[in-house]
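Residues per chain, in single letters:
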Amino acid sequence: MSTTAGEKPPVVDKALVAQLVGEAQRQGLSVECEDGLLGQLTKLVLESALEGEITAHLGYDKHERNQGVDEGNARNGTRSKTVLTKAGPVEVDVPRDRAGSFEPVVVRKRQRRLGSIEDIVLSLSARGMTHGDISAHLGDVYGSEVSKTTISTITDKVLDGMAEWQNRPLDPVYPVVFVDCINVKVRDGQVANRPIYIALAVTVDGNRDILGLWAGDGGEGAKYWLQVLTEIKNRGVEDVLMLVCDGLKGLPDAVNTVWSDTIVQTCIVHLMRNSFRYSARQDWDAISRALKPVYQAATVDEAEERFLEFQEEWGQKYPAIVRLWSNSWAEFVPFLQFDREIRRIVCTTNAIESVNARIRKAVRARGHFPNEQAALKCVYLAVMALDPTGKGRARWTQRWKQALNAFDIAFDGRLSAHRT
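What counts and how
- Along every chain, residues carry numbers that run from 1 in the direction the sequence is written.
- Predicted model: local features are reported for residues with pLDDT of at least 70 only, side-chain atom pairs are reported and counted for 80 or more only, and whole-chain, interface and lining totals are derived from all residues.
- Side-chain descriptors were evaluated using all non-hydrogen atoms of the structure, hydrogens and water having been removed beforehand.
- Each Phe, Tyr or Trp ring (for Trp, its six-membered ring) is paired with any other whose centre lies within 6.5 Å, and the angle between the two planes then decides the class: stacked below 30 degrees, edge-to-face above 60, tilted in between.
- Relative accessible area decides the class of each residue, using a 1.4 Å probe on protein chains only: under 20% of the type maximum gives buried, over 50% gives exposed, and in between gives partly exposed.
- Residues belong to one nonpolar core when they are buried, are Ala, Val, Leu, Ile, Met, Phe, Trp, Tyr or Cys, and are joined through side-chain atoms within 4.5 Å.
- Going along the chain from the N terminus, every DSSP run of H or I of four or more residues is numbered as a helix, and every run of E of two or more is numbered as a strand.
- Any two residues whose heavy atoms approach within 4.5 Å at even a single point are treated as in contact.
- Each axis is a line fitted through C-alpha atoms, taken for helices only over the stretch in contact, and angles between the N-to-C directions span 0 to 180 degrees.
- Take the far helix as your reference; a near helix turned counterclockwise from it by less than a right angle gives a left-handed crossing, and one turned clockwise gives a right-handed crossing.
- Each residue gets one of three labels, nonpolar for Ala, Val, Leu, Ile, Met, Phe, Trp, Tyr, Cys and Pro, charged for Asp, Glu, Lys and Arg, and polar for the others, Gly among them.

1. Topic: the packing of aromatic side chains
Summed over the entire model, instances satisfying the criterion amount to 13 aromatic pairs. Both rings, one in F332 and one in F335, keep their centres 5.8 Å apart while their planes meet at 65 degrees; by these two values the pair is edge-to-face. Owing to a relative accessible area of 0%, F332 belongs among the buried residues under this scheme. F335 sits in the buried class, given a relative accessible area of 2%. Of the aromatic side chains, those joined through ring pairs into one cluster are F307, F310, W325, W329, F332 and F335.

2. Concerning the nonpolar core
By size, the foremost hydrophobic cluster in this structure holds 73 residues, and its most contacted members are F310, W325, F332, V346, I359, W400 and F407. The dominant element in this core, judged by the number of residues it contributes, is helix α16 (residues 372-384), at nine residues. Filtering out sequence-adjacent residues up to four positions away, F332 remains in contact with Q265, T266, I268, L271, V294, Y295 and W325. One finds Y174, W214, I232 and L248 within the second-largest nonpolar core, a separate group that totals 26 residues.

3. So, the packing of helix α9 (residues 268-277) against helix α10 (residues 284-295)
Orientation of α9 relative to α10, taken along the N-to-C sense of each, is 145 degrees, at an axis distance of 11 Å. Handedness of the crossing formed by α9 with α10: right-handed. The segment α9 lies against α10, with I268, M272, S275 and F276 engaging W284, I287, S288, L291 and Y295. Its residues assigned to classes, the contact of α9 with α10 comprises seven nonpolar, two polar and no charged.

Okay, structure coming up:
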């Protein structure tokens, strides 16, 4: 029976369910095991659905005489097959017809797994489990053997969706785009590090949008980023207000080649991390305190004064830190011209670092990949599994509300000009 707007869909009678469970317990029948109540109910539901399908196909109910021609199509018994379900392996009697024209939908011909098991495989794969681990898990939990080859076949089904996602049209403007890359190990003749480039944008509504994933062929370089950013522009992005990166040399020129008015901001956290690499561990706290007035300065002039003070205090002992900040100064100072709402959001790449952490967890479990496509598939599954409840998206959006208003004012309405 169909439902109209405002009506609740029909639900299973809870009293009936309680009665079934109670009766099963009185008989000592387990609920979850292979021959338990859940498995038997699954078998009954599937077989009832299949019986309804063949009745619709033939045009008459079971045990009724065919009203058509004597030699017309008719039921021809059943054949048993075992399908893997969430309740474990279930043996189902699938009805047949004499003409062989019956095509069941609930359990298709040659289908050995229901969609729910495929969902489980994809979910476990996205969370970093190897194909061997997934096979063992399904055996322990559901009592069924699923080979690693079968699991690989299931995960390969996401490739079409990945290609469509990678080429989808994008918004005309983004207030901020964060870019970064992570290295994965790929066996191409020999195992070597290969970069996976990631671009994460904030939309005009404050939502997070991962624009795409790209596999490079060497170290992280501005030349490859130019190709990536050009592809993003070709997918409909006309303007990016700010792009936040980790200070890669040559990247500002690549960005401004694609979007001439985009401001490139170096991540302060990366600057601090790189500074610590040039200093002894016992000096980290002192260096952090000395640099804090530089990136918290109210103006660019004040930041320059505080940096001179840092240089006088630490320049002789750690000239490499002074050189690092001097070389990054042009991409460090842009955020100082904005108010604290914008500074708080764009001074770090923490937004994309949290995504990278999830990806690294999935990648680390596999050690290395046989090819580039396998690596991209793993990263894509990890990205698609982010924030399944939507609570993270809600917090993210709320965090960006005030900053987006400040962006619109600071960038002379370039943001609101593209709002629909």
